Amino acid sequence: MPAPAHLDPRLLRAFVTVAEDLHFTRAAARLYVAQQALSRDVRRLERELGAELFVRTTRQVTLTADGERLLPYARRVLQAQDDLLAAFGQARPLLVDLNSPGLVTGRLVLERARELAPGQELMARYESGLTYAAGELLAGRLDASFGRFAGLDPALRTGLAHQPVRCEPMAVVLPENHPLAPLPEVPLAALAGETVYAGAGNPRTPEWTDLAHRLFEGRGIDVAAPVPLAVGEEEFQRIMDKAGHPVLAVVSFPAMAATVVRPLVGPVPLSPVSLVWRKGLVHPALDALRRAASRAAAENGWLRRPAGAWIPDVDAAVMCVRD
């Protein structure tokens, strides 16, 4: 079969995304398209090339030899297209990870950046944790994320840049019938003897679990053992209801059904949040995102550390200023 005279870059992007994830559902979510549409694009590309690119079974997706051969060429074509559009003022969308839909800080910064750069496209993604997002940043599949930069493995930090955005007071999510639920604020000392869920075992969020261990050390509070990894708010709540543990969170965390969110005090623990991106990344929308983060932090006092607040030394060195 002769080679096609033209290939739609959209088909190549569909192929590359599936090749990176080896999972059609996840790839479709990354591209914000229906799985059926993504499957159609891949099959169209296979027809146009006259080659099978994936082996699909009910359990897994793998690249064929032709798929392996195509992948580096497809990546070069897509990079060339991105470079061409950027050179003529049509930069590709900036992909910004907000961790999860319920978290406020990244969403507010993103909304402000869209106001500052209405001609640029900034697209939200939800990757659940900075450790996982860091790998995606380094691989070029994400452009920016938010989270605890000092909690990343040093090997990851070497390829990333960060800008402090917020030191957010931490909270605990309690079942409505928990003895501490009636309190307007929960002293850390009152959690002594409790087991609190902080993402242990989740490979996407070890930086959060490490923060919990540092906070709970010497206070008689245990970090809950790993539970099955839940995807989506409903599944997360179901697993949390089943386990029955309080959940470590931040004060802006949205309350789930039959729960309350209570600030932690005595001292007030702070969750450090940075804007994180790949070193060397040049994109006009990243400039807008950084300006938005700076303005939001200054206007809201996000980087002020109240007297007596708690934050690990490793984070305080690069994050907050004292009142």
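Residues numbered from 1 in each chain as written. Predicted model: local features only at pLDDT ≥ 70, side-chain atom pairs only at ≥ 80, totals over all residues. Heavy atoms only, no water.

Draft legend 1. Local environment of helix α6 (residues 130–138). Buried within α6 are the following residues: Leu130, Thr131, Ala133, Ala134, Glu136 and Leu137. One or two steps after α6, the chain reaches Gly140, where phi turns positive at roughly 80°. (Buried < 20%, exposed > 50% of the residue type's maximum accessible area, 1.4 Å probe, protein only. Helix = DSSP H or I, 4+ residues; strand = E, 2+ residues; numbered from the N terminus.)

Draft legend 2. Quick peek at the layout of surface pockets. The calculated volume of the second largest pocket comes to roughly 1,000 Å³. Lining the second largest pocket are 38 residues, and of these Arg13, Asp82, Arg92, Leu95 and Gly140 sit closest to its centre. Those elements giving two or more residues to the lining of the second largest pocket turn out to be α1 (9–21), α2 (24–31), α3 (35–49), α4 (65–87) and β4 (122–125). Here the lining of the second largest pocket gets eight residues from one element, more than from any other, and that element is α4. When grouped by side-chain class, the residues that make up the lining of the second largest pocket number 18 nonpolar, five polar and 15 charged. (1 Å grid on protein atoms, 1.4 Å probe; cavity = no way out; pocket = protein on both sides within 12 Å on 5 of 7 lines; lining within 4 Å. Points joined across faces, edges and corners; volume = space filled by probe spheres on them. Nonpolar A, V, L, I, M, F, W, Y, C, P; charged D, E, K, R; others polar.)

Draft legend 3. Structural context of empty space enclosed by the protein. Scanning the model with the defined rule gives one cavity of 30 Å³ or more in all. Quantified by volume, the largest cavity comes out at close to 40 Å³. Of the residues contributing to the lining of the largest cavity, the split by class is five nonpolar, three polar and two charged.

Draft legend 4. Structural view of the pattern of salt bridges. Applying the stated criterion across every chain, the model contains 16 salt bridges. A salt bridge links Glu299 to Arg112, with the shortest nitrogen-to-oxygen separation between them at 2.9 Å. Residue Glu299 is located in helix α10 (residues 284–300), and its partner Arg112 is located in helix α5 (residues 104–116); the two are separated by 187 residues in the primary sequence. A salt bridge links Asp315 to Arg148, with the shortest nitrogen-to-oxygen separation between them at 3.0 Å. Linking Asp315 in helix α11 (residues 313–316) with Arg148 in the loop between β5 (144–147) and α7 (154–157), this pair joins segments that are 167 residues apart in sequence. Look at Asp315 and you get buried, because its relative accessible area is 1%. Residue class for Arg148 comes out buried when judged on its relative accessible area of 5%. By sharing partners, the salt bridges in this structure join Glu20, Arg75, Glu136 and Arg141 into a single network. (Salt bridge = Lys/Arg side-chain N within 4 Å of Asp/Glu carboxyl O.)

Draft legend 5. Highlighting the environment of Leu53. Among the structural elements, Leu53 can be located in the loop between α3 and β1 (54–56). Here Leu53 falls in the buried class, since its relative accessible area comes to 1%. In this view, Leu53 contacts Phe15, Leu45, Glu46, Thr62, Leu63, Thr64, Asp66, Gly67 and Leu70; residues no more than four positions away in its chain are not counted. (Contact = heavy atoms within 4.5 Å.)

Draft legend 6. Region of the structure containing the packing of α2 against α3. Packing of α2 against α3 leaves a shortest axis separation of 9 Å and a crossing angle of 100°. When the interaxial angle is binned, α2 and α3 end up roughly perpendicular. Touching Phe24, Thr25, Ala27, Ala28 and Leu31 of α2 are Gln35, Leu38, Ser39 and Val42, all from α3. Its residues placed into classes, the contact of α2 with α3 shows six nonpolar, three polar and no charged. (Axes fitted to C-alpha atoms, helices over the stretch in contact; angles between N-to-C directions. Parallel < 35°, antiparallel > 145°, perpendicular 65-115°, else oblique.)

Draft legend 7. Representation of helix α8 (residues 206–216) within the structure. Among the residues making up α8, those that are buried are Glu207, Trp208, Thr209, Leu211, Ala212, Leu215 and Phe216. Packed against the buried residues of α8 are α6, β6 (160–175), β8 (195–196), β9 (222–223), β10 (247–250) and β12 (270–278). Looking one or two places after α8, you find Gly218, whose phi comes out positive at around 75°.

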